[in-house]
Amino acid sequence: MELLSQVLGAVLGFLRCLLLLIWIEPLLGTKSKSVDADKVATTYEEWAAWQFEYDALHGVDDWVNIDRHSSYDWQVLRSLKRDLERCRRLGDDRGLCNQLRAQSSRNMCRILSPALFRKSPVQTKRLIHDYIKEVRQCIAHIADRHSFGAGTTIVSSQEKRQVLNDMRTALGRTTLALQGGAMVSMSHLGVVKALYLQRLLPQIITGTGSGALIAALVCATPDDGLLDVLGGSRIDLEAFDRAGIRRSTGRWFSWPWPGSSVLATIRRRYRRYRTKKHFFDIDILQECVRDNLGDLTFEEAYAKTGRILNITIAMSEVAGTPQLLNYITAPHVLVWSAVVASIATSKQMYAPVQLLCKSETGAVTLYFAADSSEKGSKRHDAVHPEAPLQRIGELFNVNHFIVSQTRPYVAPFIEWQQAADHHQPLGVIVRFWLDEWLHWLEVLNAFGMLPTFLQRVLMDEVVPSFASWSKISITPQIRLWDLFGLFETPTAARLQAWSLRGERRTWPSICELRCRCDIEFTLDAAYARVRRRATAAIINPT
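Residues numbered from 1 in each chain as written. Predicted model: local features only at pLDDT ≥ 70, side-chain atom pairs only at ≥ 80, totals over all residues. Heavy atoms only, no water.

J.: Teacher, can you tell me more about helix α11 (residues 223-230) here?
T.: Owing to its 3.6 residues per turn, the α-helix brings residues three or four apart onto one side. Within α11 the residues assigned to the buried category are G225, L226, V229 and L230. Buried residues of α11 fall within an arc of 145 degrees about the axis and therefore sit on the same side. If you follow the buried residues of α11, they end up packed against α9 (188-197), α10 (210-220) and α21 (492-506). Two residues or fewer after α11 comes G232, characterised by a positive phi angle close to 90 degrees. (Buried < 20%, exposed > 50% of the residue type's maximum accessible area, 1.4 Å probe, protein only. Helix = DSSP H or I, 4+ residues; strand = E, 2+ residues; numbered from the N terminus. Arc of directions from axis to C-beta. Contact = heavy atoms within 4.5 Å.)

The following block contains the structure:
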């Protein structure tokens, strides 16, 4: 017992030191960003301009311009850049194709090492930026160059398509995963907005819980109206207003003292739980989601915007039921019913819901029950054994995950890790402690000793890659009083406030995301151009 108490005391002391460091760090001026700039800036350009000025004043530019660093193979990277530049300038298309094939790696020469992005949130080594720029120029050169040229080996259009396709396969694809978190998950709007404005929004978007609603809105809205939705101005919230009117005209009376709405809400939810065994009215959420999405299927959403929507549903105790819904696994399922089913997975929170699909004649029919288990079941194998992110990797060749994490019981740990990483070797110690904690959760899960919601967290966080660069997390800053408003009624003002918070939290990750995704998105655009030209040549051979 004495040894156990000493171990627990050491752990608690370590956590106190970590929290103290995170709290006093802004006061000591050790952060590379200004709190005032984060609060004042309304666009990424304003924030980045201040950061570049800060870097110039504190000597970061000198670090950027020096190629040498132990965290990546700078000599090899410099040589690869020169080879690409030489082939492009000499017009050696075949040699350029061979060079590009050999460099189809997202972490070439370890350019995604975390230490390279801690010095500044807006820039890293100049050599890395120049290398990525050169690769993009070479891809555009191959895609847009005609199949003939003086003094070079001819590379046919079919060979170009094959090279670009092989590069896309080897490089892999990116998905944006929007996790649940009740009202906190509205910060996903700002995350998507920041990525979209910087042309870093992936084509594949995954949503879980309340994050599924944001993912569905993004994948069902064309580009011309997307910014209005992400700002919160074009999200229809009349379902909540109608519910408020019904309650005010019903038997619920007004309380005569301040804060009466909160007390009335608590009383209403308590009475609902006593009579119906759940706290929240799923019908209001169902009306709101349907008002915004309509009777759109996964297949129709993909045809409308070109974005691939994935919605994960934690199907408790339903053997063989698919957990991942998209235009391949469930093309005719109505998106709004999948969103509601993804949110209403807890029997204590919501009543059971059903998935609906659209038949060939346009009639809406029952697909299957999202939660058809018998009440009182004691089974522990509640979660489908295959993790949803792993399934997405298999279906769409995804090996890179941008996770917008808003779960209140997960986000603080990610926040601690990111803060500790700026103070090595403290970051290594924290990472070791968190990995050990996760390992013990997995052990307990193997013995069926974890509650269902923790099992789902473990499954949702599994990515099909052991590489450290395969996942990057973006978390909003969750304050203590935010926890008391997790289940507040959404309003336009609250959506806009959360959107801005999510957008500002995404800005420090833009530089790293460019290094991770710029080549991938350039490849996608180049491959699409080559395919369009090939299709046009077949249709109009003259």
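Structure shown, so let's carry the discussion forward.
J.: How should I be thinking about the pairing of strand β3 (residues 308-312) in this particular structure?
T.: Sheet faces and side chains relate simply in a regular strand, where the side chains alternate between the two faces. Within β3, five of the five residues are buried, leaving the element largely enclosed by the surrounding structure. A two-sided burial pattern is seen for β3, the buried positions comprising I308, N310 and T312 on one face and L309 and I311 on the other. Two strands pair when backbone bridges link them, and strand β2 (residues 204-208) and β3 are joined in this way by five bridges, in the parallel orientation. In the strand pairing of β3, I204 is matched with I308. (Pairing = 2+ DSSP bridges.)

J.: When you look at the sheet that holds strand β7 (residues 398-404) in this model, what are you seeing that I'm missing?
T.: Where strands meet in a sheet, backbone hydrogen bonds hold them as pairs that are either parallel or antiparallel. An order of β4-β3-β2-β1-β7-β8 is seen for the six strands of this open sheet, with the pairing classed as mixed. The open sheet has two free edges, formed respectively by β4 (324-325) and β8 (471-474), since each of these has just one partner strand. As defined by bridge partners, β7 adjoins β8 across four bridges and the pair is classed as parallel. For F401, the partnering residue across the bridge sits in β8 and is K471. Against the sheet, α9 contacts β1 (173-178), β7 and β8, and its axis sits at roughly 155 degrees relative to β1. Sitting on the sheet, α10 touches β1, β2 and β3, and the angle it makes with β2 is about 150 degrees. (Axes fitted to C-alpha atoms, helices over the stretch in contact; angles between N-to-C directions.)

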